[in-house]
Amino acid sequence: MSATSDEPVRVVVVDDQELFRQGLVMLLGHESGIEVIGEASDGDEGLELALGSAPDVVLLDVRMPRRGGLEACSAIKQSVPSAKILMLTVSDEEADLYEAVKSGASGYLLKDSSIDQVAQAIRVVADGQSLISPAMAIKLIDEFKELSRAGRSVSGLRLTDRELDVLRLVARGMNNREIAKELFISENTVKNHVRNILEKLQLHSRMEAVMYAVREKLLDLP
């Protein structure tokens, strides 16, 4: 269960680079509304820690020994479905980003992100939203468009015009508040639309919905 407004977001940090990990833990310790409840140096330790502590958010590096971040992401989502996964890595490879989304990650940030950006990303994914850096968003959409070239149209799937509007804005990397402002509707209405989209597509995250929509040519992307 995600942390409520009066409870801190409980975070686990998993990264094999000790100095980076310890520095991140220290800096996050000064952020209001965030509590680091544990740290691990590889995917196996991260999975064990997540199983024992049921965190709200797990920060995962992609490249780690024993069990890498992508494999650990899948394992944690299967074992602790309520945990949101935020990938934090030096890698900007499109394949890594695509695999992270497929593995159930809710966010993907590069390690050169500021601590303010990391903290905000933690709060966003804990609230059930998806977040990736603007640079990575461009790469992800490019990957989706490559997939869409081999995609096929789907018959019988019916999203409303408003749901398609919301999905297009999600694909542009907007969060619920930004979408609400753009469409002149409330944040709760946006959340309801996103929930309906996921139910209709039988998917689990906003980013999966965008992947599906682009592949099946439901969105008009250049």
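Scroll up a little and you will see the structure.
Note that this is a predicted model, so its numbers are computed, not measured. (Residues numbered from 1 in each chain as written. Predicted model: local features only at pLDDT ≥ 70, side-chain atom pairs only at ≥ 80, totals over all residues. Heavy atoms only, no water.)

Peer 1: So what's going on with the pattern of salt bridges? Residues and values would help.
Peer 2: Between side chains of opposite charge, a pair can form as their charged atoms come close. Overall, the coordinates contain 10 salt bridges when judged by the stated rule. As a salt-bridge pair, Lys-111 and Asp-61 come within 3.5 Å of each other at their nearest N and O atoms. Of this pair, Lys-111 sits in the loop between β5 (107–110) and α5 (115–126) while Asp-61 is found in the loop between β3 (57–60) and α3 (69–79), placing the two residues 50 residues apart along the sequence. One salt bridge connects Arg-162 with Asp-165, and the closest N-O pair in it is separated by 3.7 Å. Placement of the pair is Arg-162 and Asp-165 together in helix α7 (residues 161–171), with a separation of three residues, close to one helical turn. Using a relative accessible area of 27% as the deciding quantity, one classes Asp-165 as partly exposed. (Salt bridge = Lys/Arg side-chain N within 4 Å of Asp/Glu carboxyl O. Helix = DSSP H or I, 4+ residues; strand = E, 2+ residues; numbered from the N terminus. Buried < 20%, exposed > 50% of the residue type's maximum accessible area, 1.4 Å probe, protein only.)

Peer 1: A description of unusual backbone geometry should follow, citing residues and the corresponding values.
Peer 2: Notably, Ala-54 is not glycine yet its phi reads approximately 45 degrees, a positive angle. In this fold, Ala-54 is placed in the loop between α2 (43–53) and β3. We note that Phe-184 has phi near 60 degrees; this positive angle belongs to a residue other than glycine. Within the secondary structure, Phe-184 sits in the loop between α8 (176–183) and α9 (187–201). Since its relative accessible area comes to 77%, Phe-184 is described here as exposed.

Peer 1: Please set out the pairing of strand β2 (residues 34–40) residue by residue, giving values where relevant.
Peer 2: Where strand β1 (residues 9–14) and β2 come together, six bridges link them in parallel fashion. If you follow Val-9 over to β2, its bridge partner there is Ile-34. Read as a crossover between parallel neighbours, the route from β1 over helix α1 (residues 18–28) to β2 is right-handed. (Pairing = 2+ DSSP bridges. Right-handed = clockwise from strand over helix to strand, strands pointing away.)

Peer 1: Break down the environment of Lys-77 for me, with residues and values.
Peer 2: Tracing the backbone through its elements, the reader meets Lys-77 in helix α3. Through-space distance from the C-alpha of Lys-77 to that of Gly-104 is 6.6 Å; in sequence the pair is 27 residues apart. Those residues in contact with Lys-77 that lie beyond four places of it in its chain are Ala-83, Ile-85, Ser-103 and Gly-104. Here the side chain of Lys-77 touches Ala-83 through a polar contact of 2.9 Å, landing on its backbone oxygen. (Contact = heavy atoms within 4.5 Å. Polar contact = N/O pair within 3.5 Å; in protein donor to acceptor, adjacent residues only side chain to side chain.)

Peer 1: Let's hear about the packing of aromatic side chains: which residues, and what values?
Peer 2: Using the criterion set out here, one finds zero aromatic pairs in the structure. Above the ring of Phe-20, the side-chain terminus of Lys-111 is found at 4.4 Å from the ring centroid. (Phe/Tyr/Trp six-rings, centres within 6.5 Å; stacked < 30°, edge-to-face > 60°. Lys NZ or Arg CZ within 6 Å of the ring centre and 35° of its normal.)

Peer 1: Tell me about the pairing of β3, residues and numbers included.
Peer 2: Side chains Val-57 and Leu-59 project from β3 onto one buried face, and the interleaved Val-58 and Leu-60 project onto a second face that is buried too. As paired elements, β1 and β3 share four bridges and run parallel to each other. Directly across from Val-14, in β3, lies its bridge partner Leu-60. Taken together, the four bridges between β3 and strand β4 (residues 84–89) define a ladder with parallel strand orientation. Following the sheet pairing, Val-57 is matched in β4 by Lys-84. As a crossover connection, the stretch from β3 through α3 into β4 is right-handed.

So far we have only geometry, and geometry alone does not tell us how the molecule works.
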